[in-house]
Amino acid sequence: MSQTAAAGPDSAETGTVQDRLLDAALVCFRRMGGKRTRIEDIAAEAGLARTAVYRYYPNKRAIVAALATRWLAEDETRLAEIARDHGRSPATRLQAFLLADAEATRRYLADACLVEVLDEVIENLKAILLQHRSHVRRHLAGLLAEGSAAGVFRADPADAMAQTIDDLMARFHDLRLAADLDKTAWRDRASAAIDNLMRAIRSR
């Protein structure tokens, strides 16, 4: 057996077990709530020994972090697909990108379990959210640069424009503020904000 093989589990197997644990954690969180769920509950739901959980996650907070990272990665994948859809104009893609980014926050409100988990992230694991916004801005900057090169958007530095747009749209990325409005009013406000931004960045 090679030294690498002896050092740890096969990566494919590791991924499978980790996903199994995260899925089990989500079941437990929905059934008992995040605060009442214990590592033992997650292990039992996953059909694993309690000690097996600690092989991948040192504590429950690490599981919450992994769950949030998985959900946010799914959001980033959807946004990347919009940004790279070259069958549509840069302006059409940008409008769709910003609305999808805003709606990604809203979708968590449909599941009380997701809200509870993300509340934990907001309170104690802010680095995960900061990293997510950094990834979103990277996709946004690429789309803005493309539009600027095509003469559709202003020829300002794409990274600076992406940061400004992200700052101005921050109200729609806040889970707690999103909960203050019903879905229709929230979407109307988000769409109005995006329309104003689109007018502001168009090439003169």
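The structure this text deals with has already been given above.
Described below are features of the structure shown in this document. Worth saying up front: this structure is predicted, and the values here are computed from it rather than measured.

Applying the stated criterion to the full structure yields 15 salt bridges. Here D19 and R70 are joined by a salt bridge, their closest N and O atoms 3.7 Å apart. Here the residue D19 occupies a position in helix α2 (residues 11–32), and R70 occupies one in helix α5 (residues 60–83), the gap between them amounting to 51 residues. Residue D19 is classed as partly exposed on the basis of its relative accessible area, which comes to 37%. The exposure class of R70 is partly exposed, given its relative accessible area of 22%. The residue R187 makes a salt bridge to E103 at a minimum N-O spacing of 1.9 Å. On the criterion of sequence distance, the pair formed by R187 in helix α11 (residues 183–201) and E103 in helix α6 (residues 90–107) is long-range, its members being 84 residues apart. The partly exposed category is assigned to R187, whose relative accessible area is 38%. If you follow the salt bridges from partner to partner, you end up with D101, R133, R137 and D166 in one network.

The next subject is the layout of surface pockets. What the largest pocket holds in volume is close to 450 Å³. Mapped onto the lining of the largest pocket, the elements with two or more residues apiece are α5, α6, α7 (112–124), α8 (126–149), α9 (158–168) and α10 (175–178). Per element, the largest residue contribution to the lining of the largest pocket is five residues, and it comes from α8. Its residues placed into classes, the lining of the largest pocket shows ten nonpolar, four polar and eight charged. The space that makes up the second largest pocket amounts to roughly 200 Å³. Every residue along the wall of the second largest pocket is listed here: F29, G34, K35, K60, R61, V64, E116, V117, D119 and E120. Looking at the lining of the second largest pocket, the elements that each hand over two or more residues are α5 and α7. Of all the elements, α7 adds the most residues to the lining of the second largest pocket, at four residues. Here the lining of the second largest pocket is composed, by residue class, of three nonpolar, one polar and six charged.

Definitions and cut-offs
Along each chain, residue indices are assigned from 1 in the same order as the chain's sequence is written. Thresholds applied to this predicted model are a pLDDT of at least 70 for local features of residues and 80 or more for the giving and counting of side-chain atom pairs; totals over whole chains, interfaces and linings are not thresholded and use all residues. The side-chain values count all of the structure's non-hydrogen atoms but skip hydrogen atoms and water molecules. Salt bridge, as applied in this entry: a Lys or Arg side-chain nitrogen positioned within 4 Å of an Asp or Glu carboxyl oxygen. Strands are runs of DSSP state E lasting at least two residues, helices are runs of H or I lasting at least four, and both sets are numbered from the N terminus onward. Per-residue accessibility, obtained with a 1.4 Å probe over protein chains only, is compared with the maximum for each type, and a residue is labelled buried under 20%, exposed over 50%, and partly exposed between these values. The method works on a 1 Å grid over the protein atoms by themselves. A cavity is a set of points holding a 1.4 Å probe that cannot get out, a pocket is an open set with protein on both sides within 12 Å along at least five of seven lines, and residues with an atom within 4 Å of a point line them. Grid points are joined across faces, edges and corners, and a volume is the space filled by probe spheres set on the points. Any residue that is not Ala, Val, Leu, Ile, Met, Phe, Trp, Tyr, Cys, Pro, Asp, Glu, Lys or Arg is counted as polar, Gly included; the first ten are nonpolar and the last four charged.

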